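Residue-level listing of the chains:
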Amino acid sequence: MPFTLATWNINSVRLRAGLVERLLRDEGPDILCLQECKSPVDKIPHEQFAALGYGHMVARGEKGYNGVAILSKLPLEDAGDRDFADLGQARHVAARLENGVTIHNFYVPAGGDVPDRDVNVKFGQKLDFVTEMRDWFHGERPGKAILVGDLNIAPREDDVWDHKKMLKIVSHTPVEIEAYGAAQDAGKWVDVTRQDLPVGKLYSWWSYRARDWDEADRGRRLDHVWATPDISGAAHSSRILRDARGWEKPSDHVPVFATFDL
C-alpha cells in the first residue's frame, strides 16, 4: 500500500484552513500531519478537509496553543498520546494504519530564546521533552512506525544557514543536537529526508522577522520525517515544498513530504 505523507507546522489550522485546502488539492498527500493547530479538536475545520477526501482525523488540541492533528484519506485508528515532560500540552498524537504502521506526530517545544535552562524555563522543558522521548523509545521499541513533526531542532551543519553563527542559537546548540541524536538512536530511527537528500542545504522554516525571507534565505530544517529501520528502505521521493512559504499569509514552516511503498 504505497502512500505519501506530509508534515506541516500550520501555525493555526483555523486561520490557515485555506492553505491546508490548497495543499490537499494541489499536492494530494494521503496523510497530512499538522502541528501548532492552536485549536480545540472540535473547532478544527475537519468538514472542509473531509470534503476533499480526508475523512479520517486523529487529533489532540487546546485553545490558542500547541495542538497536533493527523488528516488522512486512508482509514486509521487512534493510537493514543503521551504527555512528555508532564507539560499538560497537546504535543503528541499517534494513529495506526490498517497495514499496522503507527504514525507519531510530534510538536516539540521551541525552547525560548536563551539556551540556558537555569535562566530559561522553556529551554529546560524542551530538553526534558526530548530526553523523555529518548527514554520512551528505549523502553518501548517503536515497532513498525513513522515519526514526523516540528521537532524544533536543526541537527546537521547543512540544516542551518550558518553553522558557526547558529551554535549559540536555540534549535542548533550542541546540547539540543546531542539530545536529538540520543532520541533518534534510542528508537533506531532513520532520518528519511536525509536518506533521500543526503547532500546540501535543506530548510523547512524561515523567520517572519526576515524582510525578504527568500532572498535572505536564513532557514533551518526543523521539520522531520523519521522511520524505523524495518520500513525506512521503503521510503523515497522526499521533498520540501519551499514555495508554500511564499503563499499569502503563510506559516513560517513549509510542508515536508515522503512516500512509502508499504
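Bear in mind that the values here come from a model prediction, so they are computed numbers and not experimental data. (Residues numbered from 1 in each chain as written. Predicted model: local features only at pLDDT ≥ 70, side-chain atom pairs only at ≥ 80, totals over all residues. Heavy atoms only, no water.)

Structural notes on the pairing of strand β7 (residues 102-107)
Right, so step 1: Within β7, six of the six residues are buried, leaving the element largely enclosed by the surrounding structure.
Right, so step 2: Neither face of β7 is exposed, since Thr102, His104 and Phe106 on one face and Ile103, Asn105 and Tyr107 on the opposite face are all buried.
Right, so step 3: Across five bridges, the pairing between strand β6 (residues 92-97) and β7 is antiparallel. Each bridged residue has a counterpart across the sheet, and for Ala94 the counterpart in β7 is His104.
Right, so step 4: Joining the antiparallel neighbours β6 and β7 is a turn of four residues, in which Gly100 adopts a positive phi near 95°.
Right, so step 5: Judged from the six bridges that link them, β7 and strand β8 (residues 145-150) form a sheet pairing that is parallel. Note on β8: the bridge partner recorded for Asn105 is Val148.
Right, so step 6: Read from β7 through helix α3 (residues 121-139) to β8, the crossover connection turns out right-handed. (Buried < 20%, exposed > 50% of the residue type's maximum accessible area, 1.4 Å probe, protein only. Helix = DSSP H or I, 4+ residues; strand = E, 2+ residues; numbered from the N terminus. Pairing = 2+ DSSP bridges. Right-handed = clockwise from strand over helix to strand, strands pointing away.)

Quick word on the pattern of salt bridges
Right, so step 1: By the definition in use, this model includes 18 salt bridges.
Right, so step 2: A salt bridge links Glu21 to Arg25, with the nearest nitrogen and oxygen atoms 3.5 Å apart. On the criterion of helical spacing, the pair formed by Glu21 and Arg25 is a turn pair, its members being four residues apart in helix α1 (residues 17-26).
Right, so step 3: Ionic pairing is found between Arg60 and Asp78, a salt bridge with its closest N-O pair at 3.0 Å. (Salt bridge = Lys/Arg side-chain N within 4 Å of Asp/Glu carboxyl O.)

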